[in-house]
Amino acid sequence: MKNKTSNLTMKALKKGKRPAPSGSKSKPRKPAKRRRNQLQGKLEDFKELPLELKLEIFELLHPRILMLMSRINHEYQELLLSTDSVWKQSRLCLGMPDLKAQDITERQYIVLMFDKTCHGRNCDRTNVQ
């Protein structure tokens, strides 16, 4: 039995595959497709929508997703930076409190709350929770 297992392991190594764990009878994994290839072209239909419809859809998004959408390309960045109402409506849908400070915009408020980077001076930390 051990001889048969070692022969299978050697064959797998010669083919450049990792051998299955001993006692495992699972099928070999197929190589994972790249996520970029799967998502390529998914926003093409969205680009064709009228501006008013895009803005209504953006208002329904979670503020973090809205923040990420504003970073996809220049078109979305310009569209989302030009209006404060989308950011405000997204925040209200989530139930976040009203903005008390008058010196920052709704978008800056969302970024402050949901961005995972440090916003202090001389701060180079990322992935802040």
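Refer to the structure presented above.
Residues numbered from 1 in each chain as written. Predicted model: local features only at pLDDT ≥ 70, side-chain atom pairs only at ≥ 80, totals over all residues. Heavy atoms only, no water.

Colleague: So, the pattern of salt bridges: which residues are in play, and what are the values?
Modeller: Summed over the entire model, instances satisfying the criterion amount to four salt bridges. Here glutamate 75 makes a salt bridge to lysine 54, at a shortest N to O gap of 3.0 Å. You can see glutamate 75 sitting in helix α6 (residues 74-81) and its partner lysine 54 sitting in helix α4 (residues 51-60), a full 21 residues away along the chain. In this structure glutamate 75 comes out as partly exposed when scored by relative accessible area, which is 40%. For lysine 54, a relative accessible area of 5% corresponds to the buried category. Across the salt bridge formed by aspartate 115 and arginine 71, the nearest N and O atoms sit 3.4 Å from each other. One end of the pair, aspartate 115, is in the segment after α8 (106-114); the other, arginine 71, is in the loop between α5 (63-69) and α6, and 44 residues separate them in sequence. (Salt bridge = Lys/Arg side-chain N within 4 Å of Asp/Glu carboxyl O. Helix = DSSP H or I, 4+ residues; strand = E, 2+ residues; numbered from the N terminus. Buried < 20%, exposed > 50% of the residue type's maximum accessible area, 1.4 Å probe, protein only.)

Colleague: Break down helix α7 (residues 85-94) for me, citing the residues and quoting the values.
Modeller: When we look at burial in α7, the residues that qualify are Val86, Trp87, Ser90 and Arg91. One side of α7 holds all its buried residues, which, seen down the axis, span an arc of 130°. Of the surrounding secondary structure, the elements contacted by the buried residues of α7 are α4, α5, α6 and α8. Looking one or two residues past α7, glycine 95 carries a phi angle of roughly 90°, positive in sign. (Arc of directions from axis to C-beta. Contact = heavy atoms within 4.5 Å.)

Colleague: A description of the side chain of serine 90 should follow, citing residues and the corresponding values.
Modeller: Relative to the helices and strands, serine 90 is located in helix α7. By relative accessible area, which is 1% here, serine 90 ends up buried. With residues near it in sequence (within four places) discarded, serine 90 still touches Phe58, Glu59, Leu61, His62, Pro63 and Leu66.

Colleague: Residue-level account of the packing of α7 against α8, with values.
Modeller: Two numbers describe how α7 lies on α8: the axes approach to 8 Å, and their chain directions differ by 45°. With respect to α8, the axis of α7 lies oblique. You can see that α7 and α8 cross each other, and the crossing is left-handed. Only Glu106, Arg107, Tyr109, Ile110 and Phe114 of α8 make contact with α7, whose side of the interface consists of Trp87, Lys88, Arg91 and Leu94. Residues of the contact of α7 with α8, tallied by class, amount to five nonpolar, no polar and four charged. (Axes fitted to C-alpha atoms, helices over the stretch in contact; angles between N-to-C directions. Parallel < 35°, antiparallel > 145°, perpendicular 65-115°, else oblique. Left-handed = near helix turned anticlockwise from the far one by under 90°. Nonpolar A, V, L, I, M, F, W, Y, C, P; charged D, E, K, R; others polar.)

Honestly, it's all geometry; don't read function into it.
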